[in-house]
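Next come the chains, spelled out residue by residue.
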Amino acid sequence: MTSPAEILGLPKPAWAADEVGMLYDMATRFMSEEIAPRYDEFEKNEMVDRESWLKAGAAGLLCASMPEEYGGSGGTFAHESAIIEAIGHVGVDGFGIGLHNSIVAPYILHYGSQEQKKKWLPKLATGELIGAIAMTEPGAGSDLQGVKTRAEKDGNQYRINGSKTFITNGQLANFIIVVTKTDPEKGAKGTSLIIVETDEVEGFERGRNLDKIGLKANDTSELFFNDVRVPTSNLLGHEEGQGFIQLMQQLPQERLQIGTGAIAMIERALALTIDYVKERKAFGKAIIDFQNTQFKLAELKTEATIGRVFYNDCVTRHINGGLDPVTASMSKYWLSDLQGKVVDECLQLHGGYGYMNEYPIARMFRDARVQRIYGGTNEIMKLLIGRSL
Ligand SMILES: Cc1cc2nc3c(=O)[nH]c(=O)nc-3n(C[C@H](O)[C@H](O)[C@H](O)COP(=O)(O)OP(=O)(O)OC[C@H]3O[C@@H](n4cnc5c(N)ncnc54)[C@H](O)[C@@H]3O)c2cc1C
């Protein structure tokens, strides 16, 4: 197969050169050798095993952008992008280390006390702790202000009650950032982020590993908190009520990261499909010789190129501290929409084989769908972009 990284024939942006490029190559090797051969088993078990997380930690693929003093590799979001792109290019999209690396760990780095950083980040970097963030509840998805999970102060502890759903890494995670209300009267201003180390507490229960249509190798769960007690020192930030602001500040990176997965899968889908249509014959010629195939792929390659250039620009801005939330929302919505379109059109060019699970395009079709939903639905992204008009 033509390399997905080279399928668009674009020059590499400055941020993807040198050590980021080397990390991409190393992550691609790791995913190809350690994860891809077992991926069918992980899909069947509906989770990647803990051992693979530890191996990823040992290989330096966890917390690549965390400072070295906390066990990370001292990189930037460019390094995280390289790892997520490798996952997408190899086609092991259900390995949830993107969320662990560039969503969970940064909350600790940005809002944790020195003590919290020293306690948790090194274990997140080895994979001893697997991270999750629990925002969504059965009654609060897009409208995060409606969160009902309650954290009440009781001496030097918080007592947490409530339930969460759709939580990525939910079966494996032993380090969960829980979005709670510490003061329900105050709405968004009464929201706080509190860490629950699940190995350390009583009253925490995991519900079902939810039966999804795609991303089968990624565990997604309900979580229940019944009088779960954690020390007040597990609050993120120096005072209560900061949770909503912290979420708003971190969501742009989460949204950009969804764009990373999108552009990586788009490139893989194109690479695979171009190979396929050159091989497959109908009416005495290769499928690529039909003008419709060429026009379709020409359109998709053009749009993918626009997407990649936009994505690269977003990363450049982000690592220089200048990616605004509106542009991050554009990257999430536009790239995930394009991902859906590209995998659908590529599947069509595979004919009936595209509908067979043994063909990678079929899995991509299933895995791509959720990208328009999680991390804030694409409708919510448009709402945020609309407010800037
Ligand atoms: C596989 C998977 C993994 C996930 N991982 C996590 C995770 O790790 N942590 C976590 O906290 N959550 C996670 N989620 C939850 C996800 O973020 C929510 O599903 C998403 O934010 C939408 O919320 P909802 O499902 O309640 O939909 P709703 O909020 O009920 O939305 C239903 C529909 O109404 C639309 N809608 C809602 N409000 C508006 C509006 N104001 N204007 C226009 N349209 C609107 C939505 O766009 C959508 O189309 C995950 C979800 C999935 C499916």
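See above for the structure.
First, a word on scope: everything that follows refers to the structure included in this document. Quick caveat, the model's predicted, so the values are computed rather than measured.

1. Digging into the site of the ligand
Around the ligand, a shell composed of 17 residues is seen, among which Thr136, Ser142, Thr168, Thr377 and Glu379 lie nearest. The side chain of Thr168 places a nitrogen or oxygen atom 2.7 Å from a nitrogen atom of the ligand. Counting only elements with at least two residues in the shell around the ligand, the list comes to β1 (131-134), β3 (157-168) and α11 (378-386). Across the shell around the ligand, the residue classes break down as nine nonpolar, six polar and two charged. Here the shell around the ligand spans two domains, since at least three of its residues come from each of domain 2 (132-240) and domain 3 (248-388).

2. A few points about the layout of surface pockets
Counted as a void, the second largest pocket has a volume near 360 Å³. Taken together, 20 residues line the second largest pocket, and the ones lying closest to its centre are Ala5, Lys12, Ala16, Glu85 and Arg308. Mapped by element, the contributors of at least two residues to the lining of the second largest pocket are α1 (18-35), α4 (77-90) and α8 (291-319). For the lining of the second largest pocket, the leading source of residues is α1, giving four residues. Grouping the amino acids of the lining of the second largest pocket by side-chain chemistry returns 10 nonpolar, four polar and six charged. Mapped onto the domain boundaries, the lining of the second largest pocket takes at least three residues apiece from domain 1 (4-129) and domain 3 (248-388).

3. So, the side chain of Thr327
Inspection of the secondary structure puts Thr327 in helix α9 (residues 325-349). When its relative accessible area of 8% is taken as the criterion, Thr327 is described as buried.

4. Topic: the pairing of strand β5 (residues 191-197)
With seven of seven residues buried, β5 lies mostly within the body of the structure. By the alternation rule, side chains of β5 split into Thr191, Leu193, Ile195 and Glu197 and Ser192, Ile194 and Val196, which are all buried. For strand β4 (residues 175-181) and β5, the ladder comprises seven bridges, and the chain directions are antiparallel. Paired with Val178 across the bridge in β5 is Ile194.

Thresholds applied
Residues numbered from 1 in each chain as written. Predicted model: local features only at pLDDT ≥ 70, side-chain atom pairs only at ≥ 80, totals over all residues. Heavy atoms only, no water. Near = heavy atom within 4 Å. Polar contact = N/O pair within 3.5 Å; in protein donor to acceptor, adjacent residues only side chain to side chain. Helix = DSSP H or I, 4+ residues; strand = E, 2+ residues; numbered from the N terminus. Nonpolar A, V, L, I, M, F, W, Y, C, P; charged D, E, K, R; others polar. Domains from an automatic or database assignment. 1 Å grid on protein atoms, 1.4 Å probe; cavity = no way out; pocket = protein on both sides within 12 Å on 5 of 7 lines; lining within 4 Å. Points joined across faces, edges and corners; volume = space filled by probe spheres on them. Buried < 20%, exposed > 50% of the residue type's maximum accessible area, 1.4 Å probe, protein only. Pairing = 2+ DSSP bridges.

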